[in-house]
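One-letter residues, chain by chain:
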Amino acid sequence: MKDSFFADENGFYGDFGGAYIPEILYKCVEDLRRAYLPIMESDEFKAEYRALLRDYVGRPSPLYHARRMSDKYGIKLYLKREDLNHTGAHKINNTVGQILLARKMGKSRIIAETGAGQHGVATATVCALMGMECEVFMGKTDVERQHTNVERMRMLGAKVHPVTTGNMTLSDACSEAIRDWCCHPSDTFYIVGSTMGPHPYPDIVARMQSIISEEIKWQLQEKEGRDYPDCLVACIGGGSNAAGTVYHYVDDSRVRIVLAEAGGSGIDSGRTAATIHRGEPGILHGSKMLVMQTSDGQIEEAFTISAGLDYPGVGPMHCNMAAKGRSEVYAVNDDEAVLAGYELTRMEGIIPAIESAHAVAALGKVTFGPGDVVVLTVSGRGDKDVETYLANKDMAGEYGKF
Ligand SMILES: *Cc1c(COP(=O)(O)O)cnc(C)c1O
């Protein structure tokens, strides 16, 4: 039997995934599981979703040939510009789709978790668009360090709940959102922000983000006369921009898949978010995945300069792809990411999100064939990270001397 890199009917990707949920959520998750494919495959949904992606999000996002970076690495490098989407990252592809799903299922109240605030902003945005009630759970630590995004969410009409349990970061916000969902199972739709959570969420999010590789296919056909690259590169937190980037290529063995996770201060430093390198199988937020944990199963806090990669787990699709050797996963440390962010800024005039800068740094770790066609997804723009870049410009070598 051929291994599949997609979810089976129970939401398993090899040994990972599934739906490990409290009894009280069983009906909601089961309703969603029954509803999502018929809705997403209906002509009505497709028409509305495509129209919003085009006219509201601003798709297709450009596939840009980065000439100076190509010369530097001896490859033909294309950047998939998710940074140019409305709200500045790939997250809106998913929230636009999930809010349509929520509406079709007759839900009136939207909840979401957020770490850096990017998914919270993308959710608050589509709730404003649809005139729906929106509540966002965010760790108190993140509320303090991502103040601008909190104000954006409030301006958009969302209610932001600071979460004061645990480390008061993303993982705690997810737990709190699940708790809220347990209290309001009938009227509430939980918009999950990455390829994580109980089945069917990882599959829903991967499908919503698959527009990225769908576009790469025809854009490469136009530019290169063939619809596949030699290599795809993306950063990976929960795994949604990476899932979207690889979706239509996972079964194509001509295409290498390179992923960059956040090494923090180094994978052996005790301050890392490199979950594929450091994690062990465990259950977190309703799904079996690789989780950074102590020997007795306590979740370890993730550390990285990048708030969007700051999660102690990683989605089941990517756990399985890494376990089967389909993806090559590199840990990129904070200093390498900062340097790569400055490099892209100076060489192409594009300030990437610090998350996306991890993918750029992976270019220096991979051995490419000469002239390889490489597509790297710039998952978001770096406006939100300017202070982080400035505070760490000592890590940027020559580029930091200004
Ligand atoms: C949230 C975020 C990520 C990480 O999430 P994934 O689900 O792994 O894609 C990466 N880049 C940006 C810009 C983000 O906002």
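It should be emphasised that the depicted structure is a prediction, and the values quoted were computed from it without experimental measurement.

Notes on the sheet that holds strand 9 (residues 231-235)
Okay, so step 1: The strand order across the open sheet built from 6 strands is 3-4-15-9-10-14, with neighbouring strands paired in mixed fashion. Of all the strands in the sheet, just strand 3 (63-65) and strand 14 (327-333) have a single pairing partner and so form its edges. Across the sheet, the mean angle from the axis of one strand to that of its neighbour is 25 degrees, orientation sign disregarded.
Okay, so step 2: In the sheet, strand 9 pairs with strand 15 (residues 373-378) via 3 bridges, with the strands oriented parallel.

Points about the domain arrangement of the protein chain
It is common to give the size of an interface as the accessible area lost on bringing the parts into contact.
Okay, so step 1: Annotation of the protein chain at the domain level lists domain 1 (22-53 + 91-205) and domain 2 (59-88 + 209-400).
Okay, so step 2: Computed over C-alpha atoms only, the centres of domain 1 and domain 2 are separated by 23 Å.
Okay, so step 3: Contacts between the two partners involve 29 residues from domain 1 and, on the opposite side, 28 residues from domain 2.
Okay, so step 4: Carbon and sulfur atoms make up 52% of the surface buried where domain 1 meets domain 2, a total of about 2300 Å² over both sides.
Okay, so step 5: Of all residues in domain 1, Leu-53, Asn-93 and Thr-195 bury the most surface against domain 2, accounting for 22% of the area lost on that side.
Okay, so step 6: On inspection of domain 1 and its partner domain 2, the count reaches 2 salt bridges.
Okay, so step 7: The partner of Arg-50 in a salt bridge is Glu-214, and the shortest N-O contact between them spans 2.7 Å.
Okay, so step 8: One can count 14 residue pairs in polar contact (both at pLDDT 80 or more) joining domain 1 with domain 2.
Okay, so step 9: Elements with a minimum of two residues in the side of domain 1 that touches domain 2: helix 2 (43-57), helix 4 (91-104), helix 5 (118-130), helix 8 (170-183) and helix 9 (201-209).
Okay, so step 10: Ranked by residue count, the leading element in the side of domain 1 that touches domain 2 is helix 8, at 5 residues.

Focus on helix 8
Okay, so step 1: Counted at 1.5 Å a residue, the expected span for helix 8 with its 14 residues is 20 Å, and the 20 Å between its end C-alpha atoms agrees.
Okay, so step 2: Taking burial as the measure, the 14 residues of helix 8 include 10 buried ones, the bulk of the element.
Okay, so step 3: Within helix 8 the residues assigned to the buried category are Leu-170, Ser-171, Asp-172, Ala-173, Cys-174, Ala-177, Ile-178, Asp-180, Trp-181 and Cys-182.

So, the site of the ligand
Okay, so step 1: Surveying the vicinity of the ligand reveals 17 residues, the closest of which are Lys-91, Ser-194, Gly-237, Ser-240 and Ser-379.
Okay, so step 2: For the ligand, an oxygen atom lies 2.5 Å from a polar atom in the side chain of Ser-194.
Okay, so step 3: Contact with the protein chains removes 97% of the 380 Å² of surface that the ligand exposes when unbound.
Okay, so step 4: Across the shell around the ligand, the residue classes tally to 4 nonpolar, 11 polar and 2 charged.

Some words on the pattern of salt bridges
Okay, so step 1: Scanning the entire structure with this criterion turns up 32 salt bridges.
Okay, so step 2: The shortest N-O distance in the salt bridge between Asp-31 and Lys-27 comes to 2.8 Å. Here Asp-31 and its partner Lys-27 are both found in helix 1 (residues 26-40), 4 residues apart, which amounts to about one turn of the helix.
Okay, so step 3: Owing to a relative accessible area of 57%, Lys-27 belongs among the exposed residues under this scheme.
Okay, so step 4: When the shortest N-O distance is used, the salt bridge between Asp-55 and Arg-54 registers 2.9 Å. Grouping residues by exposure puts Asp-55 and Arg-54 together as exposed.
Okay, so step 5: Beyond isolated ion pairs, a larger network of salt bridges with shared partners links Glu-44, Glu-48, Arg-103 and Lys-104.

Description of the sheet that holds strand 8 (residues 188-190)
Okay, so step 1: Read from one edge to the other, the open sheet built from 4 strands follows the order 7-6-5-8, with strand pairing classed as parallel. The open sheet terminates on both sides in strands that have one partner only, identified here as strand 7 (159-163) and strand 8. Recorded for the sheet is a direction-independent mean angle of 25 degrees between the axes of neighbouring strands.
Okay, so step 2: Of the strand pairs in this sheet, strand 5 (residues 109-114) and strand 8 are connected by 3 bridges, and their pairing is parallel. Considered in strand 8, the bridge of Arg-109 is made with Thr-188.
Okay, so step 3: Each of strand 5 and strand 8 touches helix 4; the most contacted strand, strand 8, lies at about 155 degrees to it.

What counts, and at which threshold
- Residues numbered from 1 in each chain as written.
- Predicted model: local features only at pLDDT ≥ 70, side-chain atom pairs only at ≥ 80, totals over all residues.
- Heavy atoms only, no water.
- Pairing = 2+ DSSP bridges.
- Helix = DSSP H or I, 4+ residues; strand = E, 2+ residues; numbered from the N terminus.
- Axes fitted to C-alpha atoms, helices over the stretch in contact; angles between N-to-C directions.
- Domains from an automatic or database assignment.
- Contact = heavy atoms within 4.5 Å.
- Buried area = accessible area lost by both parts, 1.4 Å probe.
- Salt bridge = Lys/Arg side-chain N within 4 Å of Asp/Glu carboxyl O.
- Polar contact = N/O pair within 3.5 Å; in protein donor to acceptor, adjacent residues only side chain to side chain.
- Expected span 1.5 Å × (residues − 1).
- Buried < 20%, exposed > 50% of the residue type's maximum accessible area, 1.4 Å probe, protein only.
- Near = heavy atom within 4 Å.
- Areas by Shrake-Rupley, 256 points an atom, 1.4 Å probe, with all protein chains shown as cover.
- Nonpolar A, V, L, I, M, F, W, Y, C, P; charged D, E, K, R; others polar.

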